[in-house]
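# Structural characterization, general
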Amino acid sequence: MTNDFSKGKVWRNIINQSIPLMLAQLVQLLYNVVDRIYIGHLPGADSMALTGIGLAFPLTTLIAAFTNLFGTGGTPLFSIARGAKEEKRAEKILGNVFSLLLLSSLVILLFCYLLRRPILYLFGASDASYVYADAYLKIYLLGTSFSMLSIGLNGFINAQGFPKVGMMTTLLGAALNLILDPIFIFSFHMGVSGAALATVLSQIVSCIWVLQFLTGKRVQLRIRKQNLRIDLRLAREIIPLGMSGFIMQATNCLVQVVCNATLKIYGGDLYVGIMTVLNSVREILSLPVSGLTSGAQPVLGYNYGAKKYERVCQGIRFTSAIGILYTLVAWLVVICSPHLLLSIFTTDRAMLDAGVGALRLYFFGFFFMSFQFTGQASFTSLGYSKQAVFFSLLRKAVIVAPLTILLPKLGFGVDGVFLAEPISNAIGGLACFITMYFTLYRKLKRMSLSAEYNKV
């Protein structure tokens, strides 16, 4: 039996699963941050161009939320139907997800494009930063349908046993974006508009790749015209399954809006730009631990299903230990080399000088983040999705967002915005991990002992 995670060393199984995921996430990360790197080094724009892109983040996160709602909601139903040899139902799910993604993308495009000015000012834009934010967003939004279709339908390629093809979806877009960005930004002197155009063209290519494959002859289950009409009963099955991913992205959007709006009041455009850089650095430093915990999930779930409870415990211990060790090292890197990390995204002297203190505050106690990752991965892999969603909401919506508003008012100023993150990591991360330990880990230990006793 292939991929039998109940055999061999647990840590080796986790590492074998994690490395490909880290590589895939690295490609996706390049896709996400390459615009910011080039724009941060745009001559003559100071920090305003980077601030403008940062103001567009909440909308890009909202688009990702709706993509998850339908994409990650439909994929498991598709896999179940495929496993049950219900090919017609599986193809109907695929067709409905295509239509739901397309319809919602057009609504989002129309709504955000027509109302982008008040939306951007609500998100913390000033007259100076709005120029850059609007120049980026009015082009970026034109790629909404292509982005949602390519990302939302890519899971259906993987679900049919073509992971390399699914990987190429992201790889093609990232590589093309990496090539086109400097051409449009610097050679054609298009600035932030060039960055947005490069992203949209990359999304179009990725979308064509996905649609060509899912309508071609290599796959057994295809997108067919007769399945595109939305079935409301089927939609009511798809949406609840995707709600977890939707809520997690929607709370990310909320936190981004609150941070930008608060920083605009207490620090101005400069600090909105700094937050854009800090989020980018966090994405880079979080990637290994995110890949590790994602790789652990199928291993933990498989052994749980196989009733190998001690192996599940071993996997949780290994993931926790490596996660804590890595995040401690990452925190040390932040303490020792803040200028190096910031200079990846900007050469603006004012942003570099102000960003050093903000970076150290934002990443203070970064190792607490590993507790959140491990706890949520354990809950998710063993079927406790409600707990995983709850602790994500606890950290972001209940702790980060209110503290971001409250701490500056208590006299901390802009530092209060950056302090909200480490406080939420400590409280939310420990709450998630401790709850997992007492409600799940100890239960697994008892079940393991009971199984050993019954063997005797």
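Residues numbered from 1 in each chain as written. Predicted model: local features only at pLDDT ≥ 70, side-chain atom pairs only at ≥ 80, totals over all residues. Heavy atoms only, no water.

## Some words on the overall build of the protein chain
Counted only if it meets this: A run of DSSP states H or I qualifies as a helix once it reaches four residues; a run of E qualifies as a strand once it reaches two. Both are numbered from the N-terminal end. Note on method: radius of gyration uses C-alpha positions; expected globular size equals 2.2 Å times residues raised to 0.38. Between buried and exposed lies partly exposed: a residue is buried under 20% and exposed over 50% of the maximum accessible area for its type, with that area taken using a 1.4 Å probe on protein chains only.
A tally of regular secondary structure across the protein chain gives 16 helices and zero strands. Here the C-alpha atoms of the protein chain give a radius of gyration of 22 Å, agreeing with the 23 Å that 2.2 N^0.38 yields for 456 residues. Overall, the protein chain is about 70 × 50 × 35 Å in size when its C-alpha atoms are taken along their principal axes. Here the protein chain holds 456 residues, and the buried ones make up 54% of them.

## What about the packing of aromatic side chains?
Put simply, the test is: What counts as a ring pair is set by centres within 6.5 Å for rings of Phe, Tyr and Trp (its six-membered ring), and what kind of pair is set by the plane angle: stacked under 30 degrees, edge-to-face over 60, tilted for all other angles. A ring is scored as having a charge over it whenever the NZ atom of a lysine or the CZ atom of an arginine sits within 6 Å of its centre and within 35 degrees of its normal.
If you walk through the whole model with that rule in mind, you get 23 aromatic pairs. Note on Tyr136 and Tyr140: the rings are 5.6 Å apart at their centroids and 15° apart in plane angle, and the pair reads as stacked. Highlighted residues: Tyr136 and Tyr140, both in helix 5 (residues 127-140), separated by four residues, approximately one helical turn. Centroid distance Tyr271 to Phe418: 6.3 Å. Interplanar angle 40°. Geometry classified as tilted. In this pair, Tyr271 is assigned in helix 10 (residues 269-305) and Phe418 in helix 16 (residues 414-455), connecting sequence segments 147 residues apart. Among the aromatic residues, those joined into a cluster by ring pairs are Trp331, Phe364, Phe367, Phe368, Phe371 and Phe433. Over the aromatic face of Tyr113 sits the side chain of Arg116, whose NZ or CZ is 4.4 Å from the ring centroid.

## Comments concerning a nonpolar patch on the surface
Note the threshold: Exposure above 30% relative accessible area and the lack of any salt bridge qualify a residue for a patch; like charges then connect within 9 Å, and the nonpolar side chains Val, Leu, Ile, Met, Phe, Trp and Tyr within 5 Å. All accessibility values rest on the Shrake-Rupley procedure with a 1.4 Å probe; residue burial counts only the protein chains present in the view. Between Lys or Arg on one side and Asp or Glu on the other, a salt bridge is scored when a side-chain nitrogen of the former is within 4 Å of a carboxyl oxygen of the latter.
On the surface, a nonpolar cluster with roughly 600 Å² of combined accessible area is contributed by Leu110, Phe111, Tyr113, Leu114, Leu115 and Leu142. Among the secondary structure elements, Leu142 is positioned in the loop between helix 5 and helix 6 (144-158). Leu142 gets classed as partly exposed once you look at its relative accessible area, which sits at 48%.

## Here we look at the side chain of Thr276
Let me state the cut-off plainly: Residues are treated as being in contact if the distance between any of their heavy atoms lies within 4.5 Å.
Looking at the element boundaries, Thr276 is found in helix 10. Taking relative accessible area as the criterion, Thr276 reaches 2% and is therefore assigned buried. Non-local contacts of Thr276, meaning those with residues more than four positions away in its chain, are made with Arg36, Leu50, Gly54 and Phe57.

## Considerations on the confidence of the model for the protein chain
How we decide: What pLDDT expresses is the predictor's confidence in each residue, scored from 0 to 100.
Per-chain confidence: the protein chain averages 91 in pLDDT, with 98% of residues scoring 70 or above. Here helix 1 (residues 10-40) stands out as the element of the protein chain with the lowest mean pLDDT, 83, in contrast to helix 3 (residues 87-114), whose mean of 97 is the highest.

## What about the nonpolar core?
Operational definition: Here the nonpolar core consists of buried residues drawn from Ala, Val, Leu, Ile, Met, Phe, Trp, Tyr and Cys, with membership extended through side-chain atoms lying within 4.5 Å.
By size, the foremost hydrophobic cluster in this structure holds 129 residues, and its most contacted members are Ile39, Leu153 and Phe418. Examining the composition of this core, we find that 14 residues originate from one element, helix 2 (residues 48-83), more than from any other. Apart from residues no more than four positions distant in its own chain, Ile39 is found in contact with Ala49, Leu50, Ile53, Ile185, Gly191, Val192 and Ala195.

## Details of helix 2
Formally: Each helix should span, by expectation, one fewer than its residue count multiplied by 1.5 Å. Working definition for bend: take the seven residues up to and ending at a residue and the seven starting at it, fit an axis to each, and measure the angle between the axes.
Taking 1.5 Å of rise per residue, 36 residues should cover 52 Å, and helix 2 covers 52 Å from first to last C-alpha, within 8% of that figure. The largest bend in helix 2 amounts to roughly 35° and is located at Phe57, with the proline Pro58 lying one to four residues further along. The buried fraction of helix 2 amounts to 26 of the 36 residues, a majority that puts the element mostly inside the structure. Immediately downstream of helix 2, the backbone of Lys85 shows phi near 65°, a positive value.

## Describing the environment of Val33
Mapped onto the fold, Val33 is located in helix 1. With 196 residues separating them in the primary sequence, Val33 and Arg229 have C-alpha atoms 36 Å apart. Setting aside residues no more than four positions away along its own chain, Val33 makes contact with Glu283 and Phe345.

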